Amino acid sequence: MTDMAALRAEQLRRAAEVIRYDDLPAEPPAFIAGADVGFEQEGAVTRAAIAILRYPSLELVEYQVARIATVMPYIPGFLSFREYPALLAAWAQLQQKPGLIFVDGHGISHPRRLGVASHFGLLVDVPTVGVAKKRLCGKFAPLDAAVGALAPLEDKGEQLGWVWRSKARCNPLFISTGHRVGADSALAWVQRCMAGYRLPEPTRWADAIASRRPAFQRWLQQHPEVSP
């Protein structure tokens with residue numbers, strides 16, 4: 001049986017360790033990662049995909065996929081404990097470690113301020129940004145329909161991140177500090193890594209790899225020398 005009290009206590013302890021300000025090298029990273037987690041076989045298998053992109057060209061240069069037995073059941077608010085083991089497995093396989101990670105999920109924009117982007121960022125101690133597609137907690141002012149519409153995401157008197165409309169006729173993204181990246185820098189980095197889609201290139205590629213989308217299939221045909 002899952003010890004919820006222990007998990008909650010660990011969340012709060014780790015959330016207090018998250019660095020919410022910029023703690024990045026002065027030089028831009030040479031490589032940026034995107035990370036995506038999903039589940040297969042009716043939840044029995046956790047799948048993590050990590051894409052490595054060269055910066056600033058945003059060219060995909062490496063990818064790794066890890067599949068492991070799921071370690072705990074689905075419990076709302078505690079998903080990072082379910083997801084990070086597969087992310088660590090994929091991370092261990094990487095030949096090129098990045099200087100910045102975008103995670104498809106929340107950073108501190110979490111009821112106890114420890115979404116998967118923060119949890120994973122702490123464990124690998126790399127600057128990390130949460131790029132989520134849905135709100136988990138907090139409130140924000142209604143956005144207008146224009147591309148670039150922006151509003152702070154706030155909860156209990158503190159700003160947890162930004163709500164940003166990245167593409168017309170698409171729902172906004174929820175961008176937050178994961179670890180070692182401030183809220184404003186998190187937004188700026190996501191904006192630098194856009195290429196006309198709703199998602200920034202790092203997490204768009206991680207999703208494409210995880211789901212073996214046509215874009216990734218074409219990339220594989222063009223890069224037969226690259227293997228996971």
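Residues numbered from 1 in each chain as written. Predicted model: local features only at pLDDT ≥ 70, side-chain atom pairs only at ≥ 80, totals over all residues. Heavy atoms only, no water.

1. Remarks on the overall build of the chain
- Helix and strand counts for the chain stand at 6 helices and 8 strands.
- The N-to-C order of helical and strand elements in the chain reads α-β-β-β-α-β-α-β-β-β-β-α-α-α.
- For a compact globule of 228 residues, the expected C-alpha radius of gyration is about 17 Å, and the chain comes in at 17 Å, within 12% of that figure.
- Overall, the C-alpha framework of the chain stretches about 50 × 45 × 35 Å when taken along its three principal axes.
- Residues counted as buried form 55% of the 228 residues belonging to the chain.
- Of the roughly 10,500 Å² that the chain leaves accessible, carbon and sulfur atoms contribute 52%.
- With 26 positive and 22 negative side-chain charges, the chain shows a separation of 6 Å between the mean positions of the two kinds. (Helix = DSSP H or I, 4+ residues; strand = E, 2+ residues; numbered from the N terminus. Rg over C-alpha atoms; globule rule 2.2 N^0.38 Å. Buried < 20%, exposed > 50% of the residue type's maximum accessible area, 1.4 Å probe, protein only. Areas by Shrake-Rupley, 256 points an atom, 1.4 Å probe, with all protein chains shown as cover. Lys, Arg positive; Asp, Glu negative; His and termini not counted. Charge placed at Lys NZ, Arg CZ, Asp CG, Glu CD.)

2. Considering the pairing of strand β3 (residues 59-69)
- Sheet analysis places strand β2 (residues 45-54) next to β3, joined by 10 bridges and oriented antiparallel. Across the sheet, the residue bridging to alanine 49 is valine 65, located in β3.
- In this structure, the hairpin formed by β2 and β3 is closed by a connection of 4 residues, where leucine 58 is found at a positive phi of approximately 60 degrees. (Pairing = 2+ DSSP bridges.)

3. Looking at the UniProt feature "site: Interaction with target DNA" (unreviewed entry) in the chain
- Sequence positions flagged by UniProt for "site: Interaction with target DNA" (unreviewed entry) are, in local numbering, Tyr74.
- Those residues in contact with tyrosine 74 that sit more than four places away from it in its chain are Leu79 and Arg82. (UniProt positions renumbered as here; feature names shortened; annotations may be inferred. Contact = heavy atoms within 4.5 Å.)

4. Considering the sheet that holds strand β7 (residues 158-164)
- Spatial ordering of the open sheet is given by β3-β2-β1-β4-β5-β8-β7-β6, a layout of 8 strands whose pairing is mixed. Two strands close off the open sheet at either side, each with one partner strand: β3 and β6 (150-155). Ignoring strand direction, the axes of neighbouring strands in this sheet form an average angle of 25 degrees.
- Examined bridge by bridge, β7 and strand β8 (residues 173-179) share 4 bridges and lie antiparallel to one another. Note on β8: the bridge partner recorded for valine 163 is phenylalanine 174.
- The strands that helix α2 (residues 79-93) touches are β1 (31-40), β2, β3 and β4 (100-103); relative to β3, the one it contacts most, it runs at about 130 degrees.
- Contacting β1, β2, β3 and β4, helix α5 (residues 201-211) crosses the sheet at an angle of about 135 degrees to β2. (Axes fitted to C-alpha atoms, helices over the stretch in contact; angles between N-to-C directions.)

5. What about the environment of glycine 99?
- With respect to the helices, strands and loops of the structure, glycine 99 is situated in the loop between α2 and β4.
- Judged by relative accessible area, which is 28%, glycine 99 ranks as partly exposed.
- Placed 68 residues apart in sequence, glycine 99 and phenylalanine 31 show a C-alpha to C-alpha distance of 6.0 Å.
- With sequence-adjacent residues up to four places away left out, glycine 99 is seen in contact with Pro29, Phe31, Val126 and Pro127.

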